[in-house]
Protein chains: 2
Amino acid sequence: MNKIITIGREFGSGGREFGRRLAEELQIEYYDKEIVTEIAKHTSLSEEYVQQVVECKPHPLYPITIGQSMVFMENYANQQIQSVYQAQCEILHELAEKSDCVIVGRCADYILRDYHPCRIFVYADLSSRIRRCMERSAENEKLTEKEMKQKILAVDKNRAKYYEYYTGGKWGDKANYDLCINTSGLNIKKAVPVIAKMFR
Amino acid sequence: MNKIITIGREFGSGGREFGRRLAEELQIEYYDKEIVTEIAKHTSLSEEYVQQVVECKPHPLYPITIGQSMVFMENYANQQIQSVYQAQCEILHELAEKSDCVIVGRCADYILRDYHPCRIFVYADLSSRIRRCMERSAENEKLTEKEMKQKILAVDKNRAKYYEYYTGGKWGDKANYDLCINTSGLNIKKAVPVIAKMFR
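Residues numbered from 1 in each chain as written. Chains lettered and ligands numbered in written order. Predicted model: local features only at pLDDT ≥ 70, side-chain atom pairs only at ≥ 80, totals over all residues. Heavy atoms only, no water.

Scanning chain A for helices and strands turns up eight helices and five strands. When the helices and strands of chain A are listed from N to C terminus, the series reads β-α-β-α-α-α-β-α-β-α-α-β-α. Taken against the 2.2 N^0.38 rule, which gives 16 Å for 200 residues, the C-alpha radius of gyration of chain A at 18 Å falls within 12% of a compact globule. Within chain A, residue pairs in contact and separated by at least 24 positions form 70% of the contacts whose partners lie at least 6 positions apart. As displayed, chain A has an accessible area near 10700 Å², and 51% of this comes from carbon and sulfur atoms. Looking at chain A, you have 29 positive and 28 negative side-chain charges, and the mean spots of the two groups are 6 Å apart. (Helix = DSSP H or I, 4+ residues; strand = E, 2+ residues; numbered from the N terminus. Rg over C-alpha atoms; globule rule 2.2 N^0.38 Å. Contact = heavy atoms within 4.5 Å. Areas by Shrake-Rupley, 256 points an atom, 1.4 Å probe, with all protein chains shown as cover. Lys, Arg positive; Asp, Glu negative; His and termini not counted. Charge placed at Lys NZ, Arg CZ, Asp CG, Glu CD.)

Here we come to the pairing of strand S5 (residues 179–182) of chain A. Residues of S5(A) alternate between two faces, with Leu179(A) and Ile181(A) on one and Cys180(A) and Asn182(A) on the opposite face, all of them buried. Alignment of strand S4 (residues 118–123) of chain A against S5(A), held across four bridges, turns out to be parallel. Looking across to S5(A), one finds that Phe121(A) is bridged to Cys180(A). Bridge count between S5(A) and strand S5 (residues 179–182) of chain B: three bridges; the pairing is antiparallel. Paired with Ile181(A) across the strands is Leu179(B), a residue of S5(B). (Buried < 20%, exposed > 50% of the residue type's maximum accessible area, 1.4 Å probe, protein only. Pairing = 2+ DSSP bridges.)

All names here are of chain A. The residue Ala96 is located in helix H4 (residues 67–98) in this model. Overall, the relative accessible area of 0% leaves Ala96 in the buried class. Taking the C-alpha atoms as reference points, Ala96 and Leu143, 47 residues apart in sequence, are found 38 Å from one another. Residues in contact with Ala96, not counting those within four places in the same chain, are Asn2, Ile4, Leu112 and Tyr115.

As a further point, take the interface of chain A and chain B. Taken together, the 17 residues of chain A in the interface contact 17 residues of chain B. For the pair chain A and chain B, the two sides together bury roughly 1400 Å², of which 63% comes from carbon and sulfur. At the junction of chain A and chain B, the tally comes to zero salt bridges. Here chain A and chain B share 11 residue pairs in polar contact (both at pLDDT 80 or more) between them. Of all elements in the fold, only S4, S5 and helix H8 (188–196) of chain A reach the threshold of two or more residues within the side of chain A that touches chain B. (Buried area = accessible area lost by both parts, 1.4 Å probe. Salt bridge = Lys/Arg side-chain N within 4 Å of Asp/Glu carboxyl O. Polar contact = N/O pair within 3.5 Å; in protein donor to acceptor, adjacent residues only side chain to side chain.)

Residue and element names in this part refer to chain B. For the pair helix H2 (residues 34–43) and helix H3 (residues 47–54), interaxial distance at closest approach is 9 Å and the crossing angle is 115°. When the axis of H2 is compared with that of H3, the two are roughly perpendicular. Note that H2 runs across H3; the crossing there is right-handed. Within the contact between the two elements, H2 uses Val36, Thr37, Ile39, Ala40 and Thr43 and H3 uses Glu47, Val50, Gln51 and Val54. Here the contact of H2 with H3 is built from residues that sort into five nonpolar, three polar and one charged. (Axes fitted to C-alpha atoms, helices over the stretch in contact; angles between N-to-C directions. Parallel < 35°, antiparallel > 145°, perpendicular 65-115°, else oblique. Left-handed = near helix turned anticlockwise from the far one by under 90°. Nonpolar A, V, L, I, M, F, W, Y, C, P; charged D, E, K, R; others polar.)

As structure tokens, then:
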């Protein structure tokens with residue numbers, strides 16, 4: 001069975017950087033946004049729409065009408081959301097079968113539980129996460145600290161809802177992970193080579 | 001400033017073994033029950049009594065009487081409990097000043113916060129902890145699985161109450177730690193040398 005490492009992460013904690021560096025260090029595959037692209041291909045939905053679904057955002061594609069049309073549209077949207085999750089499950093299983101890998105997000109810890117993945121959760125205190133996000137935000141997306149804080153909390157709320165809906169477990173609860181790493185004040189670049197040794 | 005590593009742990013998770021092996025690996029001091037002995041010396045209370053206080057058990061030393069005597073006894077007991085905590089703080093600071101060390105329990109993560117210790121929390125799922133405790137329990141203390149489960153839950157409840165009373169924080173909440181390690185299915189002996197590299 002291949003070696004699977006899943007990374008759950010609080011927004012702004014550096015979980016993605018952690019996962020990418022860990023995969024590089026171990027010289028194994030790394031999957032993150034590639035999964036969204038694959039889901040879009042499998043479902044013939046747009047990447048933007050899939051991204052919205054997996055981030056648990058309400059989708060703006062369908063105008064709200066009245067009576068039967070609304071019910072029809074709701075059912076149709078629900079079917080699409082289910083098909084996205086179904087495609088996600090299939091793709092994750094394919095990736096897990098293919099080779100050793102690091103997978104960020106996507107409820108991979110739960111979906112691939114039969115592979116007994118090493119489940120890592122990366123988190124940090126809110127001030128560190130705000131600072132990290134402020135430093136890395138694109139020039140055209142300059143938010144105030146207050147706005148960034150709101151964004152971080154909103155993204156995490158959606159991640160928690162999504163995780164809990166599909167897994168029945170509590171997102172970020174250490175009981176669901178093998179290793180929880182607080183990146184506040186941690187040099188991820190230096191820490192990863194050490195942690196990688198646990199997987200050799 | 002000395003390198004301080006504090007270990008919080010769920011009962012039966014192997015946190016003590018983890019801490020002891022980590023100290024051995026790093027060749028630094030290890031403090032666990034020694035602290036109770038030191039508190040007893042500082043306060044002139046018996047080790048058994050101090051152990052009861054730090055485990056947040058009600059103390060059976062004082063008979064309950066009525067009226068003023070009871071109030072007096074209550075005050076006296078409270079004073080002793082406070083003096084135990086005061087001694088604990090002093091001793092932990094002395095140890096932290098003396099040399100690099102690993103300290104198990106005793107709210108050391110909070111009491112020594114100005115030393116910026118690396119705060120580890122060791123946990124495991126309940127079935128692993130029951131198994132571990134059953135394997136290690138003394139011949140003269142053979143509990144059934146059900147009794148062992150009750151004991152584990154009771155000890156952890158007391159640890160949580162004690163921690164929360166003195167620190168205001170939630171015991172076992174990953175936000176209060178730098179690294180949380182799930183020992184269910186983990187070979188502690190093999191894992192420690194790898195984790196120790198993080199502290200070199």
